[in-house]
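# Fold and contact review
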Amino acid sequence: MEVLVTGGSGQLGRTLVPALQAAGHDVRQMSRRGAGPGGVRGDLATGRDLAQAVRGAEVVVHAASDPRGNPWEVDVAGTRRLVQALDRGRLRHLVYVSIVGVDRVPFGYYRAKYAAEQVLLASGLPVTLARVTQFHPFVDEMLTTARRGPVLIVPMGWTAAPVDVGEAAGFLTELAGGQPTGDVVEFGGPEDLSAGDLARAWAAAREPGVRVVSTPLPGKLSAAFREGGVLPGARAARGRRTYGEHLRGV
Ligand SMILES: NC(=O)c1ccc[n+]([C@@H]2O[C@H](COP(=O)([O-])OP(=O)(O)OC[C@H]3O[C@@H](n4cnc5c(N)ncnc54)[C@H](OP(=O)(O)O)[C@@H]3O)[C@@H](O)[C@H]2O)c1
C-alpha cells in the first residue's frame, strides 16, 4: 500500500520507514525539510506543503510530534490540519503514535497527545490509536540529563516499561497493514521497572562510579508516575528486548 509516515526523520520514523518498506509497502516520509529517501516536505504547524505530502496516501502512520516546542500547535492543531488534508475516499487506515498514560498522567505534553487522539476519534477516519511506552534511548537521555557529576537523583517509586524502538516499529508496521480498531491499542517493553532500577542499570553500563539516589517527589504528576500511570494495561502487547539488553547492545 501507499504509506505516508509523518515524523519520518525522527527517532521512531527512521526505524519505522525501513520496517514498512520491508513489509512490502511503498513508503513516503514527511518532515519539515523533506530530507532523506522518500522524503516529502510538510509542516503540520502551518499546513504548508501538507496537501502535496499526503496525496495518494492509503495508510498514514502519524508519528510527527513537537514535545519540546509547541505540541498544541503541531500535535493537536497539526493533526486537525492533517485530517483535513487527507483524501477520505482513498485512506484505509491512520495509525496514530501516542503514549501509554496520556489519559492518566497530568503532564502538558501528554494532555496535548490525548487531545490529538480526540481529534482523530472525532474525525470519522479509520483510525487506530497506538499508545507506546518510552523508547530505550529516551530513558538514556533522561538519565544522562538528570546526572549531576557523581550523583544521579531519581524520583522514588516511579515505574516505567521502556521499549525497544525497533520492536515498536515492528508493532506499528503490523498495525498499519491491518484493519483500524477505532480505539486504543498499547505496546510496551517486557519489564516494569522502577526509576531506581533503570538508573542503576544505566549507571553500571554507562557511568560506573555514579551513585543513584532515589528521592520522594511530591505532587500530582509524581503520584501518577508512582501509581503506574505509564505502565501498559493487562491487554497490552509487549516487546521482548529488555532495557539491560539495550544497554549491553545485544
Ligand atoms: N520518544 C519516546 O520515548 C516515545 C515513546 C512513545 C511514543 N512516542 C511518540 O512517538 C512519536 C515519535 O517520537 P520520536 O521520539 O521519534 O520523535 P522525534 O525524534 O522528536 O521526531 C519528531 C518528528 O516530528 C517531526 N516534526 C516536528 N515538528 C513538525 C512539524 N511542524 N511538521 C511536520 N513534522 C514535524 C520531526 O521532523 P523535522 O523536525 O525533521 O521536521 C520529526 O520527524 C511521537 O508522536 C511521540 O509522542 C515517543
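Overview of the structure. Treat the numbers as computed from the prediction; the structure is a model and nothing was measured.

### Comments concerning helix 7 (residues 195–206)
A rise of 1.5 Å per residue sets the reference length of helix 7, with its 12 residues, at 16 Å; its end C-alpha atoms lie 16 Å apart and thus fit the reference within 8%. Restricting attention to buried positions, one finds in helix 7 the residues Ala195, Leu198, Ala199, Ala201, Trp202 and Ala203.

### Regarding the sheet that holds strand 8 (residues 151–155)
A sheet is described by the order of its strands in space; here three strands give the open sequence 7-8-12, paired in mixed fashion. The sheet terminates laterally at strand 7 (147–148) and strand 12 (211–215), the two strands that pair on one side only. Of the strands in this sheet, strand 7 and strand 8 touch helix 5 (residues 136–146), which is tilted by about 120 degrees from strand 8.

### A look at the packing of helix 1 (residues 11–22) against helix 6 (residues 165–176)
In contact at an axis separation of 9 Å, helix 1 and helix 6 are set at 50 degrees when each is read in the N-to-C sense. What the angle tells us is that helix 1 and helix 6 run oblique. Viewed along their axes, helix 1 and helix 6 form a crossing whose handedness is right-handed. Seen from helix 1, the contacting residues are Gln11, Leu12, Thr15, Leu16, Ala19 and Leu20; seen from helix 6, they are Val165, Gly166, Ala168, Ala169, Gly170, Leu172, Thr173 and Ala176.

### Focus on the site of the ligand
Close contacts around the ligand come from 26 residues, with Gly7, Gly10, Leu12, Arg32 and Phe138 the closest. Of all the secondary structure elements, the ones that give two or more residues to the shell around the ligand are helix 1 and strand 5 (93–99). A per-element tally of the shell around the ligand places helix 1 first, with three residues. For the shell around the ligand, the class distribution of residues is 11 nonpolar, 10 polar and five charged.

### Examining the packing of helix 3 (residues 71–85) against helix 4 (residues 108–123)
Packing of helix 3 against helix 4 leaves a shortest axis separation of 9 Å and a crossing angle of 10 degrees. Taken together, the axes of helix 3 and helix 4 lie roughly parallel to each other. Taken together, the residues of helix 4 that come into contact with helix 3 (itself represented by Pro71, Trp72, Asp75, Val76, Thr79, Arg80 and Val83) are Tyr109, Ala112, Lys113, Ala115, Ala116, Val119, Leu120 and Ser123. Here the contact of helix 3 with helix 4 is composed, by residue class, of 10 nonpolar, two polar and three charged.

Thresholds applied
- Residues numbered from 1 in each chain as written.
- Predicted model: local features only at pLDDT ≥ 70, side-chain atom pairs only at ≥ 80, totals over all residues.
- Helix = DSSP H or I, 4+ residues; strand = E, 2+ residues; numbered from the N terminus.
- Expected span 1.5 Å × (residues − 1).
- Buried ≥ 20, exposed ≤ 12 C-beta atoms within 10 Å, placed from the backbone.
- Pairing = 2+ DSSP bridges.
- Contact = placed C-beta atoms within 7 Å.
- Axes fitted to C-alpha atoms, helices over the stretch in contact; angles between N-to-C directions.
- Parallel < 35°, antiparallel > 145°, perpendicular 65-115°, else oblique.
- Left-handed = near helix turned anticlockwise from the far one by under 90°.
- Near = placed C-beta within 6 Å.
- Nonpolar A, V, L, I, M, F, W, Y, C, P; charged D, E, K, R; others polar.

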